Amino acid sequence: MLLKVGCFFLLKSLYYQRLFVSLQQQNPPRFPLEQRTRAGLLLFMSTLRLYTKQALSISEQIELLKSRGLNIADSSKTAKFLGEVSYFRFVQYLRPMEADKTSHQFKPNSRFEDAVALYNFDMELRDLMFKAIQRLEIALRTKIIQEFSLEHGPFWFFDTSLADDEHKFIENMNSIDRELQRSKEDFIKEHRRNYDKPIFPPAWKTLELASFGTLSKLYYNFCDKKLKKRVARQFNLPQHEVLESWMRSVTVLRNCCAHHSRLWNRYLSTAPQMSASLRGAWVNIEGVDANKVYAIACCIAYWLDSMGYGLDFKNKLKSLLASYSQVDPTAMGFPENWISEPLWR
């Protein structure tokens, strides 16, 4: 087993070398290289679309917004704001006020201050979500390490016999190895000083460095379904497939929050499973768009409920929405009567 792990980097390298050679052998050239290059360049140039816009100063940005019908009451405050939040980032919060998405003309009575309020709301929403995800991530990491290590030993994560998919196993080990190589953590340095084998530290050390995405992938690819179900049940979920689905969605949300991306009306690329029969208080999923913020907020609230922290999260979300009258909750997928759902009472 350890020999397999020690050789997988070499095998992967040889695989890509063979792939490169096979691609070279396909579609042999029919014309000399110079002719093919010139013809390809002419074809490319004929379809080339050139970007001609130039950078605007902050004062020019303000004048542009005014010319499009945006009401700016205080140009100095606006200039200060745009000096701290780039126009390109902020323009996403102006879009809901546009009457014409092509000319970017604004609706009557559109105000710069309302877009700033929406930006601030989104920032607070990301903070709330990210703090909740931190609690979930640490708890999930703890339970996976504890349950899997007790059952299969401290080095289960690089045992190929416990992986469903060999290629995914190699990808996961590559990710973990990269984290270990660049780690400056004291506990990793201490381990390297004291031990030479196995090639990785035990799970409770190594997986403290793994990203939430890598941790999730390890869980997906773990072949002991009974043990995975045991972890899921500790979060009041009926099956490991539900937990896997929620982990995927939370990973996408976490990355969005970590990179300070717009969240409030975002269409999230990975939808959580909403249709499972859950033991705890849940929501009516009819008409709910699972790719919107409301759906993942429901999953987080339920997940936190299983740990005893759900009420605080739910109250803070309700308070945040109540603080910003400019924000339309339906743009985030919130149904009209969401606050009366069993989960949110």
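Residues numbered from 1 in each chain as written. Predicted model: local features only at pLDDT ≥ 70, side-chain atom pairs only at ≥ 80, totals over all residues. Heavy atoms only, no water.

On to helix 10 (residues 212-221), then. Counting buried positions along helix 10 gives 9 out of 10 residues, so the element sits mostly inside the fold. If you check which residues of helix 10 are buried, you get F212, G213, T214, L215, S216, L218, Y219, Y220 and N221. Where helix 10 is buried, its residues contact helix 6 (112-152), helix 7 (166-182), helix 11 (225-233) and helix 12 (240-258). (Buried < 20%, exposed > 50% of the residue type's maximum accessible area, 1.4 Å probe, protein only. Helix = DSSP H or I, 4+ residues; strand = E, 2+ residues; numbered from the N terminus. Contact = heavy atoms within 4.5 Å.)

What follows covers a positive patch on the surface. Together, K184, K189, R192 and R193 make up a positively charged patch on the protein surface. Tracing the chain through its elements places K189 in helix 8 (residues 186-194). The class for K189 is partly exposed, based on a relative accessible area of 38%. (Patch = residues over 30% accessible without salt bridge, like charges linked within 9 Å, V, L, I, M, F, W, Y side chains within 5 Å. Areas by Shrake-Rupley, 256 points an atom, 1.4 Å probe, with all protein chains shown as cover. Salt bridge = Lys/Arg side-chain N within 4 Å of Asp/Glu carboxyl O. Lys, Arg positive; Asp, Glu negative; His and termini not counted. Charge placed at Lys NZ, Arg CZ, Asp CG, Glu CD.)

Bringing the packing of helix 3 (residues 58-67) against helix 4 (residues 75-84) into the picture now. A pair of packed helices is characterised by two quantities: the angle between their axes and the separation of those axes. Packing of helix 3 against helix 4 brings their axes to within 10 Å, and their N-to-C directions diverge by 120 degrees. Where helix 3 crosses over helix 4, the handedness of that crossing is right-handed. Here I58, Q61, I62 and K66 of helix 3 come into contact with helix 4, specifically with S75, T78, A79, L82 and G83. The residue makeup of the contact of helix 3 with helix 4, split by class, is 4 nonpolar, 4 polar and 1 charged. (Axes fitted to C-alpha atoms, helices over the stretch in contact; angles between N-to-C directions. Left-handed = near helix turned anticlockwise from the far one by under 90°. Nonpolar A, V, L, I, M, F, W, Y, C, P; charged D, E, K, R; others polar.)

Moving on, we come to the pattern of salt bridges. Within the structure shown, the criterion is met by 12 salt bridges. With a shortest N-O distance of 2.7 Å, R182 and E179 are connected by a salt bridge. Note that R182 and E179 are positioned in helix 7 at a spacing of 3 residues, about one turn of the helix. Accessibility expressed as a relative area gives 53% for R182, which makes it exposed. Put simply, K316 and D312 hold a salt bridge, and the shortest N to O gap is 3.3 Å. Taken together, the residues K316 and D312, both in helix 14 (residues 310-323) and 4 residues apart, mark about one turn of the helix. Overlapping salt bridges bring together E137, R141 and R254 as one network.

All right, on to unusual backbone geometry then. The step from K197 to P198 runs through a cis peptide bond, and the omega angle for that step is -5 degrees. Phi angles above zero are rare outside glycine, and H104 is one such case at about 65 degrees. You can see H104 is positioned in the loop between helix 5 (87-90) and helix 6.

With that settled, consider the packing of aromatic side chains. Summed over all chains, the structure comprises 26 aromatic pairs. An angle of 75 degrees between the planes, with centres 5.6 Å apart, marks the rings of F235 and W303 as edge-to-face. Here the residue F235 occupies a position in the loop between helix 11 and helix 12, and W303 occupies one in helix 13 (residues 293-305), the gap between them amounting to 68 residues. One exposure class covers both F235 and W303, and it is buried. Directly above the ring of F235 sits K143, whose terminal nitrogen or CZ lies 5.8 Å from the centroid. The side chain of R248 reaches across the aromatic face of Y220, ending 4.2 Å from its centre. (Phe/Tyr/Trp six-rings, centres within 6.5 Å; stacked < 30°, edge-to-face > 60°. Lys NZ or Arg CZ within 6 Å of the ring centre and 35° of its normal.)

The next subject is the state of the cysteines. Taken as a whole and assessed by the stated rule, the structure comprises 0 disulfides. You can see C299 has no disulfide; the closest cysteine sulfur is in C298, sitting 6.8 Å from it. (Disulfide = S-S within 2.5 Å.)

Within the fold, H240 resides in helix 12. Its relative accessible area of 8% is what places H240 among the buried residues. Among the polar contacts made by the side chain of H240, one reaches the side chain of E241 at a distance of 3.4 Å. (Polar contact = N/O pair within 3.5 Å; in protein donor to acceptor, adjacent residues only side chain to side chain.)

Before going further, it helps to examine the environment of E244. With respect to the helices, strands and loops of the structure, E244 is situated in helix 12. Since its relative accessible area comes to 9%, E244 is described here as buried. Not counting residues up to four positions away in its chain, the partners in contact with E244 are Y219, Y220 and K228.

A word on the packing of helix 6 against helix 12. Axis separation between helix 6 and helix 12 bottoms out at 10 Å; the angle between their running directions is 135 degrees. Here helix 12 runs oblique to helix 6, going by the angle between their axes. At the point where helix 6 passes helix 12, the crossing takes the left-handed sense. On the side of helix 6, the interface is formed by R126, M129, F130, I133, E137 and L140, while helix 12 contributes L243, M247, V250, L253, R254, C256, C257 and A258. A class-by-class count of the residues in the contact of helix 6 with helix 12 yields 11 nonpolar, no polar and 3 charged. (Parallel < 35°, antiparallel > 145°, perpendicular 65-115°, else oblique.)

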